[in-house]
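Overview (structure and organization)
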Amino acid sequence: MKILSIRIENLASLGGKSEINFKDEPLRSAGIFAITGPTGSGKSTILDALCLALYGKTPRYRLAENSIAVVDVQGSTINQGDVRGILRDGCSSGYAAVDFVATDNQHYSATWSVRRARNKANGNLQPYEIALKNISTNLDVPGKKTELLHEIERLVGLNFEQFTRSVLLAQGDFTAFLKAAKDEKSSLLEKLTGTHIYSEISKKVFEHHREETKQLELLEAR
């Protein structure tokens, strides 16, 4: 999977529309780059948007306490771990969108969006929406929210845990990958490097050898 662009509107400290396009210079040819800025400038929001568009959740909000209520508009409350809380104050809607090249080499656009009732800044938060479009064919991918999230995961080739332990390491989580169990780390590395095919070949060779050994034993017995 290759990320092509990230688009954000009205999330946390990033008001209005923002876009990071990795297809254009100087990012296109950059081997490495840094996201810098003062506290509250939106650095983490960019990473949150990436996770929201692909998985509908983020490391920051997932680790938050769901038992703690946060005051929203008109005296209503939401859980501290509710990802809809990322909508910028005073805004009626917002979204996170990611264009990417999937494991099938097709280009897709995944979008997470949230809005308030009646599209008013003081309306109650509505359930968030997930959309997926095949850019290569210019066709929307049909399905319910959970179905689309499963399809995006399949197209990305990594689940949320694997993604946040390899592609996107949240603050303080760098050791998560290093401390992962041997089998878990092996599985993740195989997916990242594309070497899982050798494990499959090894299994097929072992099974074939076992069957041939049985046939040989039968012949020898005769």
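Presented here is a report on the structure given in the accompanying data block. Every value quoted in this text rests on a predicted model; they were computed, and no experiment measured them. Sequence order sets the numbering: in each chain, residues are counted from 1 along the sequence as written. It should be noted that, the model being predicted, local features are given only for residues of pLDDT at least 70 and side-chain atom pairs only at 80 or more, the latter also being counted only at that level, while totals for whole chains, interfaces and linings use all residues. Excluded from the side-chain calculation are hydrogens and water; included are all heavy atoms of the structure.

With that out of the way, let us pick up unusual backbone geometry. Residue Glu25 is joined to Pro26 through a cis peptide bond whose omega torsion reads 5°. Along the polypeptide, Pro26 turns up in the loop between strand E2 (14-21) and helix H1 (43-55). Unusually for a residue other than glycine, Arg118 sits at a positive phi of about 60°. Strands here mean DSSP runs of E at least two residues long; helices mean DSSP runs of H or I at least four residues long; both are numbered from the N terminus. Secondary-structure assignment places Arg118 in the loop between strand E6 (107-115) and strand E7 (129-134). When a residue's accessible area, from a 1.4 Å probe over protein chains only, is under 20% of the maximum for its type it is buried; when over 50% it is exposed; and in between it is partly exposed. A relative accessible area of 59% means that Arg118 is categorised as exposed.

Residues in a regular strand project their side chains so that they alternate between the two faces of the sheet. Counted residue by residue, strand E1 (residues 2-11) has seven buried out of 10 residues, so it is predominantly covered. One ladder, built from seven bridges, connects E1 with strand E5 (residues 93-101); its direction is antiparallel. The partner of Ile8 across the bridge, within E5, is Ala96. Pairing geometry for E1 and E2, over six bridges, is antiparallel. By the bridge assignment, Ile8 is partnered in E2 with Ser18. Between any two strands, pairing holds if DSSP finds at least two bridges. Taking the residues that link successive antiparallel strands as the turn, the E1-E2 hairpin has two residues, and the phi of Ala12 there is positive, at about 50°.

Strand order in this open sheet of six strands is E2-E1-E5-E6-E7-E8, and the pairing throughout is antiparallel. Both edges of this open sheet fall to E2 and strand E8 (139-140), since each of them pairs with a single strand only. Here a residue-residue contact requires only that any non-hydrogen atoms of the pair lie within 4.5 Å. Axis lines are fitted through C-alpha atoms, for helices just across the contact stretch, and the angle between N-to-C directions can take any value from 0 to 180 degrees. Together, E5, E6 and E7 form the strand contacts of helix H3 (residues 145-156), whose direction differs from that of E7 by roughly 45°.

To continue, consider the pairing of E6. Relative to E6, E5 runs antiparallel, the two sharing nine bridges. The partner of Asp99 across the bridge, within E6, is Ser109. Here E5 folds back onto E6 in antiparallel fashion, the turn holding five residues, of which Asn105 has a positive phi close to 70°. Of the strand pairs in this sheet, E6 and E7 are connected by six bridges, and their pairing is antiparallel. Residue pairing in the sheet places Trp112 in a bridge with Ile130 of E7.

In terms of nonpolar packing, the biggest core is built from 39 residues, with Leu54, Phe100, Trp112, Val156 and Phe163 touching the most fellow members. Elements supplying a minimum of two residues to this core: E1, H1, E5, E6, E7, H3 and helix H4 (160-166). Leaving out residues up to four positions away in the same chain, Phe163 has contacts with Met1, Leu50, Cys51, Leu54, Tyr55, Val156, Leu158 and Leu168. Residue types Ala, Val, Leu, Ile, Met, Phe, Trp, Tyr and Cys, when buried and joined through side-chain atoms within 4.5 Å, form a set referred to as a nonpolar core.

Next up on the list: H3. Expected span of a helix: the number of residues minus one, times 1.5 Å. An ideal rise of 1.5 Å per residue puts 16 Å on 12 residues; H3 measures up with 16 Å between its terminal C-alpha atoms. Among all positions in H3, only Leu148, Leu149, Ile152, Leu155 and Val156 are buried. Seen from one end, H3 has its buried residues packed into an arc of 125°, which puts them on one side. Facing away from the buried side of H3, by more than 90 degrees, are the exposed residues Thr146 and His150. Among the structural elements, H1, E5, E6, E7 and H4 are those in contact with the buried residues of H3. Note that the arc is defined by the directions from the helix axis to the C-beta atoms.

A word on the packing of aromatic side chains. A pair of Phe, Tyr and Trp rings is counted when the ring centres sit within 6.5 Å of each other, with Trp represented by its six-membered ring. The angle between the planes then sorts it: under 30 degrees is stacked, over 60 is edge-to-face, the rest tilted. On inspection of all chains with the given rule, the structure shows five aromatic pairs. Judged by centre distance (5.7 Å) and plane angle (70°), the ring pair of Tyr55 and Phe160 falls under edge-to-face. Taken together, the positions of Tyr55 in helix H1 and Phe160 in helix H4 put the pair 105 residues apart, joining distant regions of the chain. Each member of the pair Tyr55 and Phe160 is classed as buried.

So yeah, pure geometry; function would need other evidence.
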